[in-house]
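A look at the structure
Given next are the chains, with one letter for each unit.
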Amino acid sequence: LAAYTVGVAAGDVVFSIVDPGVGTDRDAVILLADGRWFVGPDNGLLAMVARRARDPQAWSIGWRPPNLSQTFHGRDLFAPVVAGLANRGREALTEFDARPVPTLDRSSWAEEHRAIVYIDHYGNAITGWRAAAVSRSLRLAAGGHSFAHATTFAAADFPFWYENSNGLVELALNRRNAQKELQLALGMAVTVADPARSQ
Amino acid sequence: LAAYTVGVAAGDVVFSIVDPGVGTDRDAVILLADGRWFVGPDNGLLAMVARRARDPQAWSIGWRPPNLSQTFHGRDLFAPVVAGLANRGREALTEFDARPVPTLDRSSWAEEHRAIVYIDHYGNAITGWRAAAVSRSLRLAAGGHSFAHATTFAAADFPFWYENSNGLVELALNRRNAQKELQLALGMAVTVADPARSQ
Amino acid sequence: LAAYTVGVAAGDVVFSIVDPGVGTDRDAVILLADGRWFVGPDNGLLAMVARRARDPQAWSIGWRPPNLSQTFHGRDLFAPVVAGLANRGREALTEFDARPVPTLDRSSWAEEHRAIVYIDHYGNAITGWRAAAVSRSLRLAAGGHSFAHATTFAAADFPFWYENSNGLVELALNRRNAQKELQLALGMAVTVADPARSQ
């Protein structure tokens, strides 16, 4: 989420839901991070956004709608709050009975998530590792395969890693399906293959 | 469709298409149900909406566009009618040569459709059975498996049924794929597993 | 693309991306075809639109954004140009440093692409062959199967071809999956099965 909202402007509202604990007592929260509003469950989804912001502020949402389903808080609880923030900004905090809470950051989490977190329709494997932190001279490894750096798909006829359009390390094969050909899978660790080469 | 439009406000227009008979002589119709407009083919799609409305009214659409494809009436015929109703309300009836027809209800259909009608991306099986009509103490059965009631996903470590966010009975496994693990399939009947328990 | 934009009005802007060469030196272009604007890579995507237009004009986009990813020109380069054309029309040509180029047509390409170019969710096989150029009395062949003409899905209980809602020849089975049952595949040639019958 942090990577995907780099270009979001101050005053904008980001609404994201990954919420397996919907209906349990996990908090519903609002985060103000570098002028941008985020709304969602407090289950770690907003943690890296909070960590990378300057002076983030967070609130627990006290308001509950008259009809609250047990399994679709995105529609019933979060969406009205998002609409309120989008329309009236900070004034909505009072309307929705928002109460300040400490940071939503998860202090035990690593700065980079060096693993495959998503595989797209084409079989490209996206990691949670920011490419700005990786020297282009490094080879990376995943699933027993080695990936050299390439700038564009068309430039590579080998398994390669590149900085994707959201600034994250992505593993791919040009015009082929890396997931299938290299047996990549969600959650698989990504490491530096050959540190000596980076000297 | 009836379950999914519970929250739609009077004056709104609902446009839905499931139309295997497109291009045949099935009617193209408009339904006014509790102040809400529905537009679509008269093939049963609007039947339960009509049944559950107070004093529904229905019209056959006489108008035909200058260019009518044989296979995409959603674009060529229905969409202009929907736009007309959305912009000008009841006045559009005359423009599109709407002629009153009897109810669109299908009188022979059961009140509840006790079967799996849709399986979502996560393998959860949605039925056409309204959960308000089912006691929470009942166990349901489908595909040889038994499902106890649960309120939220996180609360259940067994096959369970719950009232989904549209008020329908849904069969699921928490964080697992019920379709695959329990061999659920579209059209499969859902029954009460153990009526004695409900005493 | 040419088939899908028949109904687009003069002044509208069409933004389409199929861009395996993103990040290489292929041109980024603007096409004005019968009053409609098209924006995209110059890799053939706009070729048939240019060919079928009267007096098409084309420009190479000289402008580059401050932050240009190597792999997502749709977002970084093309989208701002599309927004400029949509908001300010021809004035945007200067803003984005557009320089006239010869036609984007590919002269070596056939007028009709007699092959399966897309298979939809239902297993219907769409070709690049315009149906207006095919006599309804002709049987077509693909993958060893023969397809007679039908006007609607409901009318046919045999493998059939029909003019789809975009004017292209499409191969289908009524309420069944033609791709699976007839082993149709992307790229497969479509021919006239039995020319004698058309006499």
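Look up a bit, the structure's there.
Residues numbered from 1 in each chain as written. Chains lettered and ligands numbered in written order. Predicted model: local features only at pLDDT ≥ 70, side-chain atom pairs only at ≥ 80, totals over all residues. Heavy atoms only, no water.

1. Details of the overall build of chain A
When helices and strands are counted, chain A shows 4 helices and 12 strands. Projected onto its principal axes, the C-alpha positions of chain A cover 55 × 35 × 30 Å. A burial count over chain A gives 46% of its 199 residues as buried. A sequence separation of at least 24 residues applies to 61% of the contacts in chain A between residues at least 6 apart. Carbon and sulfur atoms make up 51% of the accessible area of chain A, which totals about 9,900 Å². (Helix = DSSP H or I, 4+ residues; strand = E, 2+ residues; numbered from the N terminus. Buried < 20%, exposed > 50% of the residue type's maximum accessible area, 1.4 Å probe, protein only. Contact = heavy atoms within 4.5 Å. Areas by Shrake-Rupley, 256 points an atom, 1.4 Å probe, with all protein chains shown as cover.)

2. Digging into the sheet that holds strand β4 (residues 57-61) of chain B
Sheets are built from strands that pair by backbone hydrogen bonding, the pairs being arranged parallel or antiparallel. All names here are of chain B. Pairing in this open sheet of 5 strands is mixed, and the strands run β1-β3-β2-β4-β5 from one edge to the other. A strand with exactly one partner marks an edge of an open sheet, and here the two such strands are β1 (13-15) and β5 (98-101). Across the sheet, the mean angle separating the axes of adjacent strands is 25° when strand polarity is ignored. Direction of pairing for strand β2 (residues 28-33) relative to β4: antiparallel, over a ladder of 4 bridges. Paired with L32 across the strands is Q57, a residue of β4. (Pairing = 2+ DSSP bridges. Axes fitted to C-alpha atoms, helices over the stretch in contact; angles between N-to-C directions.)

3. Comments concerning the relation of the copies chain A and chain C
Mapping chain A onto chain C is achieved by rotating through 120° and translating by 0.0 Å along the same axis, at an RMSD of 0.0 Å. Both copies are brought into coincidence by an operation consistent with a three-fold rotation axis. Residue H121 of chain A, judged by its C-alpha, is the member of chain A lying nearest the rotation axis, at 8.6 Å. (Least-squares fit on C-alpha atoms with pLDDT ≥ 70 in both.)

4. As for the sheet that holds strand β8 (residues 140-142) of chain A
Residue and element names in this part refer to chain A. Pairing in this open sheet of 7 strands is mixed, and the strands run β6-β7-β11-β10-β9-β8-β12 from one edge to the other. Because the sheet does not close on itself, it has two edges, and the strands there are β6 (113-119) and β12 (191-192). Inspection of the sheet shows strand β9 (residues 145-149) paired to strand β10 (residues 160-163) by 2 bridges, in the parallel sense. Across the sheet, A148 pairs through a bridge with F160, a residue of β10.

5. Structural notes on the interface of chain A and chain B
Taken together, the contacts link 10 residues of chain A with 10 residues of chain B. Among the residues of chain A in contact with chain B, P20, Q70 and T71 of chain A are the three that bury the most area, contributing 59% of the side total. Our count for the chain A to chain B interface comes out at 0 salt bridges. Counting the contacts that link chain A with chain B gives 1 residue pair in polar contact (both at pLDDT 80 or more). Looking at side-chain class alone, the side of chain A that touches chain B contains 3 nonpolar, 6 polar and 1 charged residues. (Buried area = accessible area lost by both parts, 1.4 Å probe. Salt bridge = Lys/Arg side-chain N within 4 Å of Asp/Glu carboxyl O. Polar contact = N/O pair within 3.5 Å; in protein donor to acceptor, adjacent residues only side chain to side chain. Nonpolar A, V, L, I, M, F, W, Y, C, P; charged D, E, K, R; others polar.)

6. Topic: the interface of chain A and chain C
At the junction of the two partners, chain A supplies 10 residues and chain C supplies 9 residues. Both sides of the chain A and chain C interface together cover about 670 Å² of buried area, and 60% of this is carbon and sulfur. On the surface where chain A and chain C come into contact, there are 0 salt bridges. Scanning the region where chain A abuts chain C turns up 1 residue pair in polar contact (both at pLDDT 80 or more). Among the residues forming the side of chain A that touches chain C, the class breakdown is 3 nonpolar, 5 polar and 2 charged.

7. Considering the environment of F158 of chain C
Looking at where F158 of chain C falls in the secondary structure, it is placed in the loop between β9 (145-149) and β10 (160-163). Along the primary structure F158 of chain C and A148 of chain C are separated by 10 residues, whereas in three dimensions their C-alpha atoms are 7.9 Å apart.

8. Description of the side chain of E170 of chain C
When you line up the elements, E170 of chain C lands in strand β11 (residues 168-172). Nearest to the buried, unbridged E170 of chain C among oppositely charged side chains is R75 of chain B, at 10 Å. Looking at E170 of chain C, its side chain comes within polar contact range of the side chain of N164 of chain C, at 2.8 Å. Ignoring anything within four residues of it in the chain, the contact list for E170 of chain C reads D120, N124, A125, I126, F160, W161, Y162 and N164 of chain C. (Lys, Arg positive; Asp, Glu negative; His and termini not counted.)

9. Some words on the packing of aromatic side chains
Two descriptors summarise a pair of aromatic rings, namely the distance from one centre to the other and the angle between the planes of the rings. A full pass over the atoms with the stated rule returns 18 aromatic pairs over all chains. On the numbers, 4.9 Å between centres and 75° between planes, the contact of F153 of chain A with Y162 of chain A is edge-to-face. By relative accessible area, which is 15% here, F153 of chain A ends up buried. Residue classification places Y162 of chain A among the buried positions, given a relative accessible area of 4%. Ring centres of W63 of chain B and F96 of chain B lie 5.0 Å apart, and the angle between their planes is 80°; on these two criteria the pair is classed as edge-to-face. Highlighted residues: W63 of chain B in the loop between β4 and α2 (73-88) and F96 of chain B in the loop between α3 (92-95) and β5, separated in sequence by 33 residues. (Phe/Tyr/Trp six-rings, centres within 6.5 Å; stacked < 30°, edge-to-face > 60°.)

10. So, unusual backbone geometry
With a phi close to 60°, R175 of chain A is a non-glycine residue in the positive phi region. Take R175 of chain A: it is sitting in the loop between β11 (168-172) and α4 (178-182). Overall, R175 of chain A belongs to the exposed group, its relative accessible area being 68%. Even without a glycine there, the phi angle at D55 of chain B is positive, about 50°. Within the secondary structure, D55 of chain B is located in the loop between α1 (47-52) and β4.

11. Some words on the pattern of salt bridges
Residues and elements named next belong to chain A. Enumeration over the complete set of coordinates arrives at 36 salt bridges over all chains. Its salt-bridge partner being D97, residue R99 comes within 2.6 Å of it at the nearest N-O pair. According to the relative accessible area criterion, R99 is partly exposed, its value standing at 47%. Judged by relative accessible area, D97 falls into the partly exposed class, the value being 33%. In this structure, E181 and R176 form a salt bridge, with 2.8 Å as the shortest nitrogen-oxygen distance. One salt-bridge network, held together by shared partners, links R51, R52, D105, E111, E112 and R130.

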